[in-house]
Amino acid sequence: MSGRNLIVGLVTVFIAYLALVPLGFLLWQTFTRGGHPTLAAIRTAYSQSGLGTMTLNSFAFAGGATAVAVVIGTGLAHLVVRTDVPFKPLMFAASLVPLIIPGILHTIAWFFLLSTQIGVLNIHVIHPIFGVNFNVASVHGMILVEGLHLTPLVFLLMVASFRSMDPSLEESAIMSGAPLRTVFWRITLPLARPALYAAILIMAVRTLESFEVPAVLGLNQHIFVFTSQIWTTLNASPPDYSTAGAYAMALLVLTTIGVLWHNRISKHGRAYQTVTGKGFRPRPIPLGRWRWPATILILAYFCISVLLPLAILFYASTQNFYAPPSHYTLRHLTWGNYGAAWHDPLVQHGLKNSLILGLGTATAVMLLAAVASWIVVRTKVRGRWLIDNLAFLPLTIPGLVLGVAILTIYLRVPWLPIYGTLWIIFIAYLTRYIPYGMRYVSTSMFQIGRELEESAQMSGAGWFQVFRRIVLPLLVPGFVAGWIYIVVVSVRELGSSVLLYSPGREVLSIAIWEMWRNGQFPELCALGIVMVAGLVVLVGVAYKLGAKIGVREA
Amino acid sequence: MLTIRNLAKSYGATRAEKRGRVLAVDDISFDVTDGELFTLLGPSGCGKTTTLRCIAGLEMPDEGEIAIDGRVLFSAERGVRTPPNERRLGMVFQSYAIWPHMNVFENVAFPLRVLPRGQRPRKHALSERVERVLSVVRLDHLAGRQATDLSGGQQQRLALARALVLEPPLLLLDEPLSNLDAKLREEMRFELKRLQRELGITGLYVTHDQVEALAMSNRVAVMRDGKIEQIGHPRSVYEQPESRFVADFIGTSNFIDGTVERCDDGVYVVQTDGGVLRIPSDKHYEVGQAVIVAARPEHIELATNLNGIGPNVWRGRVEARAFLGEVVDHVVAVGPREIRARCNSKVSIPAPTEVTVRFHEEAFSLVPTGD
Ligand SMILES: Nc1ncnc2c1ncn2[C@@H]1O[C@H](COP(=O)(O)OP(=O)(O)O)[C@@H](O)[C@H]1O
Ligand SMILES: [Mg+2]
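Small disclaimer: the values here were computed from a predicted structure and weren't measured.

Listed per partner, the contact involves 27 residues of chain B and 23 residues of chain A. Both sides together, the interface formed by chain B and chain A hides about 2,100 Å², and carbon and sulfur atoms give 63% of it. Linking chain B to chain A there are one salt bridge. In this structure, the salt-bridge partner of B:Arg53 is A:Glu171, at a minimum N-O distance of 2.8 Å. At the boundary of chain B with chain A, the tally comes to five residue pairs in polar contact (both at pLDDT 80 or more).

With that settled, consider the domain arrangement of chain A. Residues and elements named next belong to chain A. Taken domain by domain, chain A consists of domain 1 (1-38 + 337-554) and domain 2 (42-275 + 286-316). Between domain 1 and domain 2, the C-alpha centre-to-centre distance is 25 Å. Each partner contributes to the interface: domain 1 provides 49 residues, whereas domain 2 provides 43 residues. For the domain 1 and domain 2 pair, buried surface summed over both sides reaches about 4,200 Å², with 78% attributable to carbon and sulfur atoms. One can count zero salt bridges joining domain 1 with domain 2. Taken together, domain 1 and domain 2 are joined by two residue pairs in polar contact (both at pLDDT 80 or more). Going through the elements one at a time, helix 1 (2-31), helix 17 (336-343), helix 20 (399-412), helix 21 (422-447), helix 23 (463-492), helix 24 (497-500), helix 25 (508-518) and helix 26 (521-544) are the ones with two or more residues in the side of domain 1 that touches domain 2. With twelve residues, the single largest contributor to the side of domain 1 that touches domain 2 is helix 26. The residue makeup of the side of domain 1 that touches domain 2, split by class, is 37 nonpolar, seven polar and five charged.

The next thing to look at is the domain arrangement of chain B. Residue and element names in this part refer to chain B. Considered domain by domain, chain B is made up of domain 1 (2-244) and domain 2 (252-368). Here domain 1 and domain 2 have C-alpha centroids that lie 39 Å from each other. The interface is formed by six residues belonging to domain 1 together with nine residues belonging to domain 2. Taken together, both faces of the contact between domain 1 and domain 2 bury some 750 Å²; the carbon and sulfur share is 49%. For domain 1, the biggest contributors to the area lost against domain 2 are Tyr238, Pro241 and Arg244; these three give 71% of the whole. Our count for the domain 1 to domain 2 interface comes out at two residue pairs in polar contact (both at pLDDT 80 or more). The class makeup of the residues in the side of domain 1 that touches domain 2 is two nonpolar, one polar and three charged.

Attention shifts here to the layout of surface pockets. Residue and element names in this part refer to chain A. Looking at the second largest pocket, its volume works out to about 1,600 Å³. Lining the second largest pocket we find 46 residues, and of these Leu180, Arg181, Pro286, Leu287 and Trp290 sit closest to its centre. Listing elements by their share of the lining of the second largest pocket, those giving two or more residues are helix 3 (51-82), helix 9 (167-175), helix 10 (180-191) and helix 15 (291-317). Of the residues that constitute the lining of the second largest pocket, the class distribution is 28 nonpolar, eight polar and ten charged.

Further remarks concern the packing of helix 8 (residues 139-163) of chain A against helix 11 (residues 193-209) of chain A. To characterise two packed helices, one gives the angle between the axes of the helices and the distance between these axes. Residues and elements named next belong to chain A. Helix 11 packs onto helix 8 with a crossing angle of 155° between their chain directions and a minimal axis gap of 10 Å. Considering the angle they form, helix 8 stands roughly antiparallel to helix 11. Crossing of helix 8 against helix 11: the hand is right-handed. Counting all contacts with helix 8, which are made through Glu146, Leu150, Leu153, Val154, Leu157, Met158 and Ser161, the residues of helix 11 involved are Ala195, Leu196, Ala199, Ile202, Met203, Arg206 and Thr207. When grouped by side-chain class, the residues that make up the contact of helix 8 with helix 11 number ten nonpolar, two polar and two charged.

All names here are of chain B. This structure, assessed with the given rule, holds 21 salt bridges over all chains. With a shortest N-O distance of 3.1 Å, Asp31 and Arg5 are connected by a salt bridge. Placement of the pair is Asp31 in strand 2 (residues 22-32) and Arg5 in strand 1 (residues 2-11), with a sequence separation of 26 residues. For Asp31, a relative accessible area of 32% puts it in the partly exposed group. The class for Arg5 is partly exposed, based on a relative accessible area of 33%.

To continue, consider the packing of aromatic side chains. Enumeration over the complete set of coordinates arrives at 25 aromatic pairs over all chains. Each ring, one from A:Phe314 and one from A:Trp335, has its centre 6.0 Å from the other, and the planes form 55°; the classification is tilted. Here A:Phe314, found in helix 15, pairs with A:Trp335, found in the loop between helix 16 (327-331) and helix 17; they are 21 residues apart in sequence, far enough to count as distant. We classify A:Phe314 as partly exposed; its relative accessible area is 38%. Take A:Trp335: its relative accessible area is 59%, and that puts it in the exposed class. Geometrically, the ring pair formed by A:Trp516 and A:Phe521 is tilted, given 5.2 Å between the ring centres and 35° between the ring planes. The buried category is assigned to A:Trp516, whose relative accessible area is 9%. Every member of this aromatic cluster is reached through a ring pair, and the members are A:Phe111, A:Phe112, A:Tyr315, A:Tyr322, A:Trp516 and A:Phe521. For B:Arg162, the ring lying beneath its charged end belongs to B:Trp99, and the centroid distance is 4.2 Å. B:Arg244 extends its terminal NZ or CZ atom over the ring of B:Phe255, reaching a point 4.2 Å from the ring centre.

Residues and elements named next belong to chain B. Here five strands make up an open sheet; going across it, the order is 2-1-4-5-6 and the pairing antiparallel. Two strands in the sheet have a free side with no partner beyond their single neighbour: strand 2 and strand 6 (80-81). Here strand 1 runs beside strand 2; their pairing, made up of seven bridges, is antiparallel. Counted as the bridge partner of Ser10 is Leu23 from strand 2.

Turning next to the side chain of B:Ser243. Residues and elements named next belong to chain B. With respect to the helices and strands, the residue Ser243 is situated in the loop between helix 7 (234-239) and helix 8 (244-249). At 2.8 Å, the side chain of Ser243 and the side chain of Glu229 are in polar contact. Residues in contact with Ser243, not counting those within four places in the same chain, are Glu229 and Val367.

On the surface, A:Val125, A:Ile129, A:Phe130 and A:Val132 cluster together to form a nonpolar patch covering roughly 410 Å² of accessible area. For A:Val125, a relative accessible area of 37% puts it in the partly exposed group.

A word on the sheet that holds strand 18 (residues 327-334) of chain B. Residue and element names in this part refer to chain B. Sheet architecture is open: five strands sit in the order 16-20-17-18-19, paired in antiparallel fashion. Looking at the sheet topology across the chains shown, the edges are occupied by strand 16 (300-303) and strand 19 (337-344). This sheet shows a mean twist of 45° between the axes of neighbouring strands, independent of strand direction. As defined by bridge partners, strand 17 (residues 313-323) adjoins strand 18 across six bridges and the pair is classed as antiparallel. Within the sheet, the bridge partner assigned to Arg321 lies in strand 18 and is His330.

As a further point, take the nonpolar core. Counting 217 residues, the largest nonpolar core has A:Trp513, B:Leu2, B:Phe30, B:Ile55, B:Leu172 and B:Leu204 as its most contacted members. A total of 15 residues in this core trace back to one element, the largest contributor, which is helix 21 of chain A. Residues contacting B:Leu204, with those up to four places away along its chain left out, are B:Leu2, B:Phe30, B:Val32, B:Phe38, B:Leu40, B:Leu52, B:Ile55, B:Leu170, B:Leu171, B:Leu172 and B:Leu173. Core analysis: the next-biggest nonpolar cluster, separate from the first, contains 37 residues, B:Val130, B:Leu142, B:Leu171 and B:Leu192 among them.

All names here are of chain A. With respect to the helices and strands, the residue Ala195 is situated in helix 11. Since its relative accessible area comes to 21%, Ala195 is described here as partly exposed. Along the primary structure Ala195 and Leu157 are separated by 38 residues, whereas in three dimensions their C-alpha atoms are 7.2 Å apart. Every residue in contact with Ala195, bar those within four places of it in the chain, is listed here: Met158 and Ser161.

This part covers unusual backbone geometry. A negative phi angle is the norm for most residues apart from glycine, just as the trans form is the norm for most peptide bonds. Omega for the peptide link from A:Ser237 to A:Pro238 comes to -5°, which places this bond in the cis form. By the element assignment, A:Pro238 lies in the loop between helix 13 (226-235) and helix 14 (241-268). That bond from B:Ala351 to B:Pro352 is cis: its omega, -10°, falls within 30 degrees of zero. Within the element layout of this structure, B:Pro352 appears in the loop between strand 19 and strand 20 (354-359). The phi dihedral of B:Asn312 is positive, around 65°, even though this residue is not glycine. By secondary structure assignment, the location of B:Asn312 is in the loop between strand 16 and strand 17.

Reading the values: rules and limits
Residues numbered from 1 in each chain as written. Chains lettered and ligands numbered in written order. Predicted model: local features only at pLDDT ≥ 70, side-chain atom pairs only at ≥ 80, totals over all residues. Heavy atoms only, no water. Contact = heavy atoms within 4.5 Å. Buried area = accessible area lost by both parts, 1.4 Å probe. Salt bridge = Lys/Arg side-chain N within 4 Å of Asp/Glu carboxyl O. Polar contact = N/O pair within 3.5 Å; in protein donor to acceptor, adjacent residues only side chain to side chain. Domains from an automatic or database assignment. Helix = DSSP H or I, 4+ residues; strand = E, 2+ residues; numbered from the N terminus. Nonpolar A, V, L, I, M, F, W, Y, C, P; charged D, E, K, R; others polar. 1 Å grid on protein atoms, 1.4 Å probe; cavity = no way out; pocket = protein on both sides within 12 Å on 5 of 7 lines; lining within 4 Å. Points joined across faces, edges and corners; volume = space filled by probe spheres on them. Axes fitted to C-alpha atoms, helices over the stretch in contact; angles between N-to-C directions. Parallel < 35°, antiparallel > 145°, perpendicular 65-115°, else oblique. Left-handed = near helix turned anticlockwise from the far one by under 90°. Buried < 20%, exposed > 50% of the residue type's maximum accessible area, 1.4 Å probe, protein only. Phe/Tyr/Trp six-rings, centres within 6.5 Å; stacked < 30°, edge-to-face > 60°. Lys NZ or Arg CZ within 6 Å of the ring centre and 35° of its normal. Pairing = 2+ DSSP bridges. Patch = residues over 30% accessible without salt bridge, like charges linked within 9 Å, V, L, I, M, F, W, Y side chains within 5 Å. Areas by Shrake-Rupley, 256 points an atom, 1.4 Å probe, with all protein chains shown as cover. Core = buried A, V, L, I, M, F, W, Y, C linked by side-chain atoms within 4.5 Å.

Here it is in structure tokens:
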């Protein structure tokens, strides 16, 4: 009994430490100077010139990218779930893109596709047709690229929503004489409203948190949003921690509002459930003469979201110097970049560190989540709701904000000298991914009947034995899925890492970031292609094991 | 009014059963006349819903022709395929399919609001029509209520009102009562029938519940494995089943195998292993032909006085009885077989008692062998 209490206590304290201490430090850092409360940091931060533009940019970026993702994602989901459009599996394959192409690679690929100088699409498609170039290094470009990266997430959310909708609700509208268009606008969409609002909020929060797109496309043009502003403030010399903290606080407030609002909506959404209990067979609506346009739309989306970025990355990886594809460049291909990347010390560090951190974080997160969610779901320990809420808290903290917070802590705390080691990145990852781990484990935990545990206890097993012999083995499928998912997302992580790494402690995403900043494009792309291949294998294994990872990302 | 000719529909094989397509509807033809309630009755999975959905246009048949009042809605041969929203049929779904984001009034108004621009009624006329149909189904006092706040029976009537508001020539109903509890179902049965008769609606009704079908319909088509087994008035389908399947599916029957011994003036003398039966029938069977005698238990009488046996009067022993409230069911052993007899509640004979089993002639129908 006391062993159990000890573990409950330890887990609570540890999760509280992970979730609360960074936030506390951030507050303290921002609102005090020399031990006295002050608003000086806020004042400095918000009197900088260009701040109004920065805020406007952030909102335009968030609103625009959300709109792009929600419109495309919802449209595709409706086509796939409710109509007889062909090539449906292709859409589900495309929905894995955010998992297998890290955000920074995706953004760089789009830079190669749509920059004014070297953008393939500009040179060969857009300029010949419209006579002007589309400049991806602009707020519009950022909106487009981020929107495309988030579309699959909306797609998966809306697929789930449309699937749970009784098809006869639409059929009765058709029988009432309404054409398909009217049915979609007047029936389907209003019924999907809760899911739609949820998707909008999630995407807005995601965009506000996004660092990759504003950094790659915006920094050189001096287009700033919150995240890139924080990064710039910390990269100035000397770095201004309290001003960065002030920006981080603002961002944190925005994302927290979004996440809390979303949680409220998903609770209310229940009242809207229309399923009557009778099982129904999905009956796709025949598109008739719209089938061809829809098919073209789907194929075009697949090309744009999957083939084009991968193709341009691969092409770039075969060039000595990056130049847009032409007869000349296509006849002078090289594999040399792969070798060069392999021998680059940056990549070697990155590979080693990413492996250590990915495996380490995934294992630690899943173990911690297993114990924590077992306490939450299965025991009657007083205060277990506290663990639940604490473990959920990091979901509201953008990666970059967490980076700022952790940085300030371990720069100040002399008795835990982990600054400049992998441990500091490990702590950031652990904090960021605890909520995901909890979700994977608690979903499968709910599926385990309480009787199983109780019968084991009746046969005289202690609680630890019950956990190890009964609970853990039954959790394995959810556990493995969650583990792989966390490996995948750790390897791509950039927002916290970019503030916490130090020479020799780079991870793979940092290696790509550094190469980008140094202009080593072909080598970067070679590394990127290898990384994508590795992630494809990982995600493939997860799917073979029957784990639907990706859907949970939301 | 409604004419169905050689309708066929198959579904692609699912991954589980890789080979062969499922023939959900297999070459069926029937007519529905004006003002009648025509019922498709059959066990679950026999293709009733598929037939209905083909008529609605929600499912594309492989073969056949569907026409209403001479207007061809679908013809595989001539390539006519009217989309469902242009067929102007009313339909009530099993799940009611009430739109939860609209109130009662808006649910009913929707079909009027989506009419083509020229035919769309003005605001005033629209609410008048909605209110009229709501009062027909007695929901006028709930017009402002959110649709999800209605009880099951009210949702059912709302679905009906919505299907009726355009005054469709044909109303399609797919097991509309199956989601109601037993008491309400009985009430709604009469309500539906009253509405259908009073408004002169032509209806095509789908159910697997034989009591419902017999109580409500003008005519019944009994379906089995995508085919129609028998079409007729409820009474004739019940009293003169043409196959063992129909006799079994509608009501209860005792099945006794026998051989035709001779036929005197439309009365067949059938030799069975329990004794001789004299059965009037207007069907034609050869002497010596194997047949099945279907005997309704409610026309089998039991008596404890044991005098006189002969044709249609057998001797047996009560094996079990079950008190069912209005009636008492007895299981009687006659030779090697068991006969079920349904007696009124005054007759209740304990097992084991020797009894006389008297078959009344109305108990019988003669059907061919095979199932
Ligand atoms: N969309 C579908 N895909 C494949 N098979 C179907 C589909 N709909 C119905 N079926 C099959 O067709 C047959 C008839 O179904 P249905 O018309 O729904 O029967 P009923 O309404 O009489 O219960 C069943 O065997 C059913 O499994
Ligand atoms: Mg059915």
